[in-house]
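Here's the letter readout for the chains.
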Amino acid sequence: MAGEHSISGGSLSRRSSAKEQQAECWVNNFGHEGLGLLLDVLEKLLDKKQQENIDKKNQHKLIQCLKAFMNNKFGLQRILGDERSLLLLARAIDPKQPNMMTEIVKILSAICIVGEDNILEKLLGAITTAAERYNRERFSPIVEGLENHEALQLQVACMQFINALVTFPYELDFRIHLRNEFLRSGLKTILPDLKEKENDELDIQLRVFDENKEDDLTELSHRLNDIRAEMEYPFDKPEKSFCMYCEKRMLYHLLYNLLKDTAAENYLLSILQHFLLIRNDYYIRPQYYKIIEECVSQIVLHCSGMDPDFKYRQRLDIDLTHLIDSCVNKAKVEESEQKAAEFSKKFDEEFTARQEAQAELQKREEKIKELETEIQQLRTQIEPKELSENCFWLKVKEDKFENPDLFAKLALNFATQMKVQKNAEALEEKPQPTKKRVKELRVLDPKTAQNLSIFLGSYRMPYEDIKNIILEVNEDLLTEALIQNLVKYLPEQKVLNELAQLKNEYDDLCEPEQFGAVISSVKMLRPRLNSILFKLTFEEHVNNIKPSIIAVTLACEELKKSESFNRLLELVLLVGNYMNSGSRNAQSLGFKINFLCKIRDTKSSDQKTTLLHFIAEICEEKYRDILKFPEELEHIESASKGN
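Since we're looking at a predicted model, the values are computed, not measured. Numbering of residues starts from 1 in each chain and follows the order in which that chain's sequence is written. For this predicted model, a pLDDT threshold of at least 70 governs which residues receive local features, and a threshold of 80 or more governs which side-chain atom pairs are given and counted, while totals over whole chains, interfaces and linings are taken from all residues. Working from all heavy atoms in the structure, the side-chain values ignore hydrogens and water.

What follows is about the overall build of the protein chain. Numbering of helices and strands runs from the N terminus; a helix is a DSSP stretch of H or I covering at least four residues, while a strand is a stretch of E covering at least two. Tallying secondary structure elements over the protein chain gives 28 helices and zero strands in all. Here's how the labels work: a residue is buried when its accessible area is under 20% of the maximum for its type, exposed when over 50%, partly exposed in between, all with a 1.4 Å probe on protein chains only. Burial analysis of the protein chain (643 residues in total) assigns 33% to the buried set. Taking contacts inside the protein chain between residues at least 6 apart in sequence as the whole, the part at least 24 apart equals 73%. Values of accessible area rely on a 1.4 Å probe in the Shrake-Rupley scheme; residue burial ignores everything except the protein chains shown. Carbon and sulfur atoms provide 52% of the accessible area of the protein chain, an area that totals close to 42,700 Å². Contacts are residue-level and defined by heavy atoms, with any inter-residue pair within 4.5 Å sufficient.

Attention shifts here to unusual backbone geometry. Positive phi is not limited to glycine here, since asparagine 135 has a value of about 55°. The topology assignment puts asparagine 135 in the loop between α7 (119–133) and α8 (140–147). For asparagine 135, a relative accessible area of 60% corresponds to the exposed category. The phi torsion at methionine 524 lies on the positive side, around 50°, for a residue other than glycine. In this structure, methionine 524 sits in the loop between α23 (511–519) and α24 (525–561).

Bringing the packing of α8 against helix α10 (residues 172–196) into the picture now. For the pair α8 and α10, the least separation of the axes is 9 Å and the interaxial angle reads 15°. Taken together, the axes of α8 and α10 are roughly parallel relative to one another. Judged by the sense of rotation from one axis to the other, the crossing of α8 with α10 is left-handed. Across the interface between the two elements, Ile142, Val143, Leu146 and Glu147 of α8 pack against Phe182, Ser185, Gly186, Leu187, Ile190 and Leu194 of α10. For the contact of α8 with α10, the per-class residue count stands at seven nonpolar, two polar and one charged. Lines are fitted to the C-alpha atoms to define the axes, a helix being fitted only along its stretch in contact, and any angle between axes, read from their N-to-C directions, falls within 0 to 180 degrees. For classification purposes, angles smaller than 35 degrees are called roughly parallel, those larger than 145 roughly antiparallel, those between 65 and 115 roughly perpendicular, and all remaining angles oblique. By convention the crossing between two helices is left-handed if the near helix lies anticlockwise of the far one by an angle smaller than a right angle, and right-handed if it lies clockwise. Gly falls in the polar group here, along with every residue not listed as nonpolar (Ala, Val, Leu, Ile, Met, Phe, Trp, Tyr, Cys, Pro) or charged (Asp, Glu, Lys, Arg).

Turning our eyes to something else, we now look at the nonpolar core. With 60 residues, the main nonpolar core has Ile63, Leu66, Ile142, Met159, Ile162 and Leu165 as its most contacted residues. Here the element with the most residues in this core is helix α9 (residues 152–167); it accounts for 10 residues. Residues belong to one nonpolar core when they are buried, are Ala, Val, Leu, Ile, Met, Phe, Trp, Tyr or Cys, and are joined through side-chain atoms within 4.5 Å. Core analysis: the next-biggest nonpolar cluster, separate from the first, contains 26 residues, Phe401, Leu410, Ile626 and Leu633 among them.

Grid points spaced at 1 Å over the protein atoms alone were grouped into cavities, where a 1.4 Å probe fits but cannot get out, and pockets, open sets with protein on both sides within 12 Å along at least five of seven lines, with lining residues defined by an atom within 4 Å of a point. Grid points are joined across faces, edges and corners, and a volume is the space filled by probe spheres set on the points. Applying the stated criterion across every chain yields a total of three cavities of 30 Å³ or more. At the level of secondary structure, the elements contributing two or more residues to the lining of the largest cavity comprise α7 and α8. A total of three residues in the lining of the largest cavity trace back to one element, the largest contributor, which is α7. Along the lines of polarity and charge, the residues of the lining of the largest cavity split into seven nonpolar, no polar and two charged. Its volume calculated, the second largest cavity comes out at about 40 Å³. Contributing elements (two or more residues each) for the lining of the second largest cavity: α3 (53–69) and α5 (84–91).

A word on the confidence of the model for the protein chain. Values of pLDDT, which run from 0 to 100, indicate the predictor's confidence residue by residue. Model confidence for the protein chain is summarised by a mean pLDDT of 75, while 78% of its residues fall at 70 or above. Here residues 1–7 scores under 50 on pLDDT; set against residues more than four positions off or in separate chains, the count is 14 contacts. In this model residues 301–315 is a low-confidence stretch, pLDDT under 50, and it forms 12 contacts with partners more than four residues away in sequence or in other chains.

What follows is the structure, given as structure tokens:
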């Protein structure tokens, strides 16, 4: 051995001792090249067909070196970074060398616990490849290590490795699959003997194994609760169904009696347990059983006339995902076709009823609008009974601002305001010359027709194209401005219905009415436009709404707490009541906040100043503390920008 390899058993022993003394320094110096040399030598030893005692000792020394090498973060990363490491460790597992196997199993357990997320896949792949090389079941060496009752530490290490493998997967199905594979490999017959041993470390590992098994069975039972009724015996079925049940039970008992107390019994149990893991889905579960039946029939009814002999490198490895999806989709299509005819008839009936309901709803909406207009007119003057207990207007004391000079200035500047307003109204009532139209309007009012003409002139698109891009929701052509203008200028649905009846006289209609006749064929036009507009502006609203809400909330709090602003409201209320004396709004208890925006629209009799300027001058002369209110309203500007 010393002549064949560049590293002898003695040098491996010294290197292992040096590692224990200076772990991290040794690993850094040894580096990637030294690890590769260790793996090369281990691979050569494992490839030897006839191994002598010195070869086995050198293997053990190499395993100890690898264990020392990976006893820190740097070494562990190097070990996992080399693709050969896990495979060579799996190949080196030998129940005939209990001390070396104990070291290897502990190394693999540690890797499984502290390794990366996909370490289980790599580790199982290495164990499977090693088992294929030696033509054995992949977990059989671990089970054989448990059968060695003279090596207690090996049994503890093997149970620890089994627990690490079985508890690592997140999926219940995979955990049960791995545990059943260990049980089939012989663990089931060994467990009773292991539980009789008196060893604390072994008892802990056995207890962990049993507790995890019980937890998984509990989780599985919860999953199967919803199908328990389907598993009960149907003794209350008719005689024909009962006979069918008896036949199925006879088939099961016949199969079980054939396999009972044979090596195939555990495989039958595993198959039945895997059947329980199939998802309880109306469409998917039948497709699983259909594919399983196809696979079983091809295996059992083999065309070659010979019993199948599946090698590890030739095992059945088929991705059935697309096949299952195809079968599920086909089953769904068949069921959908059966229901399509029923739904078609119901749809026609519901559609007719819906159109009638929409017409009735439109009438009711018009009535509601009329009532809302009347209610709004009744609310123009605030009544005391409408004010809450903590309302601001119940606390105001505008009388403290009463001053003869103030009233005199108001009378001087604004006494003839009503005459000016009447003159302005007279000017507004002067008839405006109307444009001559080639075609007279038949349905639309002049204002609506003019708005639609401006809209159509801005976009210059064929009317059918506008209708089609709305139906298709073509975002390449649809713009926010186009939809907003349509919503704004589109006539009511009742008018559109009247235009729809004039389609046969299309050429006699003016352009706005032609457009209305075309667009009226779109069902639920206004809700559709509102939905499209919401979709186009959704992202913008999401980005803007949060800061707007915060700004408005802070601004409202500042308004309620501002003493200067409250005094300004009292002064405005006093001035307003004085100017409205003798009218129906005289001696009002308060006013809506948006009335402040109208102060600048009230001009003096000479048209040179406004009520806003007048109040500002009064505050400047006598109530300068009121002018400090902008300093108390820091968030008003940002809140005013929100919608």
